[in-house]
Amino acid sequence: MTFKLWSIGTGHGAQAASLAPVWRLMAFEDLRVAELYEALRLRSEVFVVEQQCLFHDMDGADSKAMHLLGVQHGELQAYARCFEAGVKFPEASFGRVLTRQSARGHGLGHALIDQAISAISQVWGPQAIRIGAQMQLAGFYAKHGFEDTGTHFLEDGIPHLEMLRPE
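Residues numbered from 1 in each chain as written. Predicted model: local features only at pLDDT ≥ 70, side-chain atom pairs only at ≥ 80, totals over all residues. Heavy atoms only, no water.

Asker: Explanation requested: the overall build of the protein chain in the structure shown.
Answerer: Secondary structure assignment for the protein chain yields four helices and eight strands. Along its sequence from the N terminus, the protein chain presents helices and strands in the succession β-α-β-α-β-β-β-α-β-α-β-β. Each of the 167 residues in the protein chain was classed as buried or not, and the buried ones make up 42%. Considering only intrachain contacts with a sequence separation of at least 6, the fraction spanning at least 24 residues in the protein chain is 59%. As displayed, the protein chain has an accessible area near 8,700 Å², and 55% of this comes from carbon and sulfur atoms. (Helix = DSSP H or I, 4+ residues; strand = E, 2+ residues; numbered from the N terminus. Buried < 20%, exposed > 50% of the residue type's maximum accessible area, 1.4 Å probe, protein only. Contact = heavy atoms within 4.5 Å. Areas by Shrake-Rupley, 256 points an atom, 1.4 Å probe, with all protein chains shown as cover.)

Structure follows, in structure tokens:
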């Protein structure tokens, strides 16, 4: 099942439309091999190489997720996994949030979070969302309505915290 999501907050006019990514939300079984490969490659590029974090990326949760892909100029630029309530947390959630390093600094990360929130609402209905966020990104997620729950933990050597966005 593939959903096409419209870009949020990308500006107005033809130039803004040509710069906006195309967002697609796909179930695991609907991903083409090339799309899955590109998502896994970009996850490795960002988390393993750039952040120098050795971790078990293919954790068995991909088949339970809806995959949000932001494609711009024919290349995957942004990605997140979205989960219904009860898979990762009692609430709906998203994770493996990333933007390609060369695409940062232009608001794409904020658009990705807006799209992930919209995707969860579109597929499972409006509801609270809980995430496990890298501590250094708490302020970023706070701009999208997420609040620190007080649960802090170390994951793969990186300080994290649980954040909740009420319905």
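Moving on, there is more to tell.
Asker: Can you help me understand the pattern of salt bridges in this one?
Answerer: A side chain of one charge can pair with a side chain of the opposite charge when the charged atoms of the two come close. Under the counting rule described, the total for this entry stands at 15 salt bridges. Where Arg-41 meets Glu-38, a salt bridge forms, and the shortest distance between an N and an O atom there is 3.0 Å. Within this pair, Arg-41 and its partner Glu-38 are both found in helix H2 (residues 33-50), separated by three residues, close to a single helical turn. Judged by relative accessible area, which is 18%, Glu-38 ranks as buried. The shortest N-O distance in the salt bridge between Glu-162 and Arg-130 comes to 3.0 Å. Of this pair, Glu-162 sits in strand E8 (residues 158-165) while Arg-130 sits in strand E6 (residues 129-134), and the two are 32 residues apart along the sequence. What makes Glu-162 buried here is its relative accessible area of 17%. Through salt bridges with shared partners, one network takes in Arg-43, Asp-59, Asp-62, Arg-81, Lys-88 and Arg-96. (Salt bridge = Lys/Arg side-chain N within 4 Å of Asp/Glu carboxyl O.)

Asker: Sorry if this is basic, but what is going on with the sheet that holds strand E7 (residues 147-155) here?
Answerer: Note: strands within a sheet are paired through backbone hydrogen bonds, in either parallel or antiparallel orientation. With antiparallel pairing, the three strands of this open sheet are ordered in space as E6-E8-E7. Pairing within the sheet leaves two strands with one partner each, and these edge strands are E6 and E7. If you compare each strand with its neighbour and ignore which way they point, the axes differ by 25° on average. Two strands pair when backbone bridges link them, and E7 and E8 are joined in this way by six bridges, in the antiparallel orientation. (Pairing = 2+ DSSP bridges. Axes fitted to C-alpha atoms, helices over the stretch in contact; angles between N-to-C directions.)

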